[in-house]
Amino acid sequence: MLKRIAGIFSGVLVSTLLFVSTAGAYELVMPSMDYRTGPYAPNGIPFANGYHDYLVMLNERDGGINGVKINLVPCETAYNTKQGVECYEKVKGEGDGALIIQPLSTGITYQLIPKAPVDEIPVHSMGYGRTSAANGKVFKWIFNFPATYWDQAAVALKYIGDREGGLDKLNGKKIALVYHNSAYGKEPIRTLEAGAEKFGYEFMQLPVDHPGQEQKSTWLQIRREKPDWVLMWGWGVMNQVAIKEAASIRYPMDHFMGVWWSGSENDVLPAGEDADGYLSGAFHAPGDDFPAHDDIKKYVYDAGKTAPGAERERIGEVLYNRGLIAAVYASEAIRNAMDIHGTKEVNGAMVRDGLEAMDLTEARLTELGLPGFTIPVKVTCANHAGPRKVAIQQWDAKAKEWNFVSDFYDTMHDIVDPLIEEDSAGFAEENGITPRDC
Amino acid sequence: MSGEALFFLEVVISGLMAGVMYALVALGFVLIFKASGVLNFAQGVLALFAALALYDFIAPGGWVDDLFGFTFPIWAGIILTVGVMIIVAWLIERLVLQHLVQQEPIILFMSTIGLAYILEGVGDMLFGSDVKPLDIGIPQGASDWLLDNYGLYVEKLEVFAALTAAILVIVLAVFFQKTRIGRALRAVADDHQAALSVGVSLRTIWVIVWSVAGMVALVAGIMWGSKSGIQFSLSLIALKALPVLILGGFTSVPGAIIGGLIIGVGEKVAEVYLGPYVGGAIENWFAYVLALVFLFFRPQGLFGERIIERV
């Protein structure tokens, strides 16, 4: 406890000193929309720590991005849409202006979609948010690479097809979706409905209200209907309860698959051995055996520059690594912006160009100390979702670790692309947007 | 028994068991409301705080382990947590309640809202926000015997919770009816001024009743923490107790139990049989519908005291 309190105070002190010492000079303002409090804090904290640590490491090791210091501006959203929008309004004008916003909430992202072009600050909703923002022709300021929820749903079907002996074997099967009853949880429904039409499986929808602490009736319905596969779009306590309930009704864990937000250590550890075999989507590796993690330990943890309360032993957890890769994408976009515009003093519009020019190859990932950490990402004017590839990972309860059990699957373009086209066209029409020609 | 009938039985049993879990939270509300007329908004946070404290006494990696390099056995951890809850109750009385004697109930209610936020913040600072798996040996998972022999799914944790709640109600009933302190509590509940005039110390009674509510919160925290891991969303279980209180009455211990059972069964049956026709996820608000329907017929709740004021 004393260590924790000391950590909190030293973190606050260091942040204050950093702020005071760097005030005045041009800085790269990078807001961090955190949620370290509230019911979703257990998931928000590791993500926020990963984001914080990577950017602080860049400051300490390289003097920032191309020598320009990063001013990391945290703002607490508590995973609450209203609070998140207030945060955005607060941080957007910080210093020389926010360069990129990563809202870490589908609800907040939806609210910021109309604000981004007005304020000229790009929004990167990495693997969440509005799926059809993948269409860069319509959503100039919104990016959602490296994959969307519809891609995850399509890949889940592909994986199930592989396990069942082919996609044609889905005919007559029953697939249930247990989802957080929110904008986020409802995202995959259209894809799974389209999949049901194409492959002939029966699709069951089982919403769970926030926060999801009590799900008995959901799992009783699963027990009665006996779906062949259960997919989950959950977050926070909903995931832990669902995995325990599934184990209770003896649902086979290797037929229970969560989206990438339902596949962290937090989700499976409370269920203990019962969670063994549970599956989830993933777009980056777990673990801390990458050179970038070594640098974080050296320049951030050894130097006592951690976020308040951060613990060294949690480096490399799934959600920590997700925060880290979000920071990598953001910092690379800024680097691209500097190269494209030939200046170190970039603004939001320039960073938008940097995001659209993102070409994060394996060679570049290796240079960044993250070889094999994730798939290469190439973003274009038309495609803001990048590679749209997803792998499946499985929990080993004995070893307490996630292991990849598949390669990265490509999405089902024939199902998902028309949906993206249709949804984004509807958005363009409603909002009087003329799609860009690219 | 046909498959459908067996399934209906499972839904009802699950509803009853879930209802007991809600009742455990509602009991804490009832105790404080009975003694002081305060709706304690912080009851859910008390359950969270108690569970967090217990975890840190008994679990490897908890702060006792961090500071002293050992952990307490479960029974000692529970006793120590009871001690912590008594200290919390004493602090609440000293720092909050004693300054609000004779104030309107709404002021006291608002102070408990503040208290909820403070306890949540302090809990976060002291114990961290991680999910903490709680395993104190309570059986979990389906009853294999019932499932294998009768195809009936009943959750062992919830049966354990039901037995615990039954014991808790008996203990509370004895405490209220048979002990001197219990009689004093009832006297304060009936009329503060009259109780004060015969020498009952309101401040002592408040410390006692908040301590007892803290212990009930510990039981609720253990049950809910065992179910989902201890985490900050535990504080939201208070929301599940509100329809139970509306239905059962704010001043009745049996009302909390019966109300919990009715709400539990009602919401599960509604979700399973009505939910699929209206898009699902109706159980949270359906519980309130059910409670409000009961209020049409008994405005004071099923077991609440009917207040008659003569002009």
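Please refer to the structure placed before this passage.
Residues numbered from 1 in each chain as written. Chains lettered and ligands numbered in written order. Predicted model: local features only at pLDDT ≥ 70, side-chain atom pairs only at ≥ 80, totals over all residues. Heavy atoms only, no water.

1. Regarding the overall build of chain B
Secondary structure assignment for chain B yields 13 helices and 0 strands. Whereas a compact globule of 311 residues would reach a radius of gyration of roughly 19 Å, chain B reaches 20 Å, a difference of no more than 12%. Its C-alpha atoms give chain B principal-axis dimensions of about 65 × 65 × 35 Å. The buried share of chain B, reckoned over its 311 residues, is 54%. (Helix = DSSP H or I, 4+ residues; strand = E, 2+ residues; numbered from the N terminus. Rg over C-alpha atoms; globule rule 2.2 N^0.38 Å. Buried < 20%, exposed > 50% of the residue type's maximum accessible area, 1.4 Å probe, protein only.)

2. Re a positive patch on the surface
Residues and elements named next belong to chain B. Side chains of K178, R180, R183 and R186 sit close together on the surface and give a patch of like positive charge. The dominant element in the positive patch, judged by the number of residues it contributes, is helix 8 (residues 180–190), at 3 residues. Among the secondary structure elements, R186 is positioned in helix 8. Given a relative accessible area of 31%, R186 falls into the partly exposed group. (Patch = residues over 30% accessible without salt bridge, like charges linked within 9 Å, V, L, I, M, F, W, Y side chains within 5 Å. Areas by Shrake-Rupley, 256 points an atom, 1.4 Å probe, with all protein chains shown as cover. Salt bridge = Lys/Arg side-chain N within 4 Å of Asp/Glu carboxyl O. Lys, Arg positive; Asp, Glu negative; His and termini not counted. Charge placed at Lys NZ, Arg CZ, Asp CG, Glu CD.)

3. Here's the deal with the pairing of strand 7 (residues 229–233) of chain A
Residue and element names in this part refer to chain A. Counting buried positions along strand 7 gives 5 out of 5 residues, so the element sits mostly inside the fold. With burial as the criterion, each face of strand 7 is covered, one bearing W229, L231 and W233 and the other bearing V230 and M232. Two elements, strand 5 (residues 174–180) and strand 7, share 5 bridges in a ladder whose sense is parallel. Its bridge partner lying in strand 7, V178 is registered against M232. The handedness of the strand 7 to strand 8 (residues 256–258) crossover, carried by helix 10 (residues 237–248), is right-handed. (Pairing = 2+ DSSP bridges. Right-handed = clockwise from strand over helix to strand, strands pointing away.)

4. Some remarks on the pattern of salt bridges
Residue and element names in this part refer to chain A. The full count for this structure, using the stated rule, is 43 salt bridges over all chains. The closest approach of N and O atoms between E225 and K174, which form a salt bridge, is 3.1 Å. Highlighted residues: E225 in helix 9 (residues 216–225) and K174 in strand 5, separated in sequence by 51 residues. The partly exposed category is assigned to E225, whose relative accessible area is 27%. Salt-bridge contacts for D288 lead to K297; the nearest nitrogen and oxygen are separated by 3.0 Å. Classification of D288 as partly exposed rests on a relative accessible area of 29%.

5. Considering helix 10 (residues 202–228) of chain B
All names here are of chain B. Look at helix 10: 38 Å from first C-alpha to last across 27 residues, which is about the 39 Å you get at 1.5 Å a residue. Counting buried residues in helix 10 gives 23 out of 27 residues, a clear majority hidden from the surface. Where helix 10 ends, the next residue or the one after it, G229, has phi of about 80°, a positive value. (Expected span 1.5 Å × (residues − 1).)

6. Here's the deal with the packing of aromatic side chains
Following the criterion strictly, the structure yields 33 aromatic pairs over all chains and no others. Here F7(B) and Y273(B) contribute two aromatic rings whose centre-to-centre distance is 6.4 Å and whose plane-to-plane angle is 70°, an arrangement assigned as edge-to-face. With a gap of 266 residues between them, F7(B) in helix 1 (residues 3–36) and Y273(B) in helix 12 (residues 253–274) connect regions that are remote in the sequence. Judged by its relative accessible area of 28%, Y273(B) is partly exposed. When the centroid spacing of 5.8 Å and the interplanar angle of 65° are considered together, the rings of F175(B) and F176(B) count as edge-to-face. For F176(B), a relative accessible area of 7% translates into the label buried. Each residue in the set Y35(A), Y40(A), F47(A), Y79(A), Y128(A), W235(A) and W261(A) is aromatic and connected to the rest through ring pairs, giving one cluster. Between the NZ or CZ atom of R352(A) and the centre of the ring of W141(A), over which it lies, the distance is 5.8 Å. (Phe/Tyr/Trp six-rings, centres within 6.5 Å; stacked < 30°, edge-to-face > 60°. Lys NZ or Arg CZ within 6 Å of the ring centre and 35° of its normal.)

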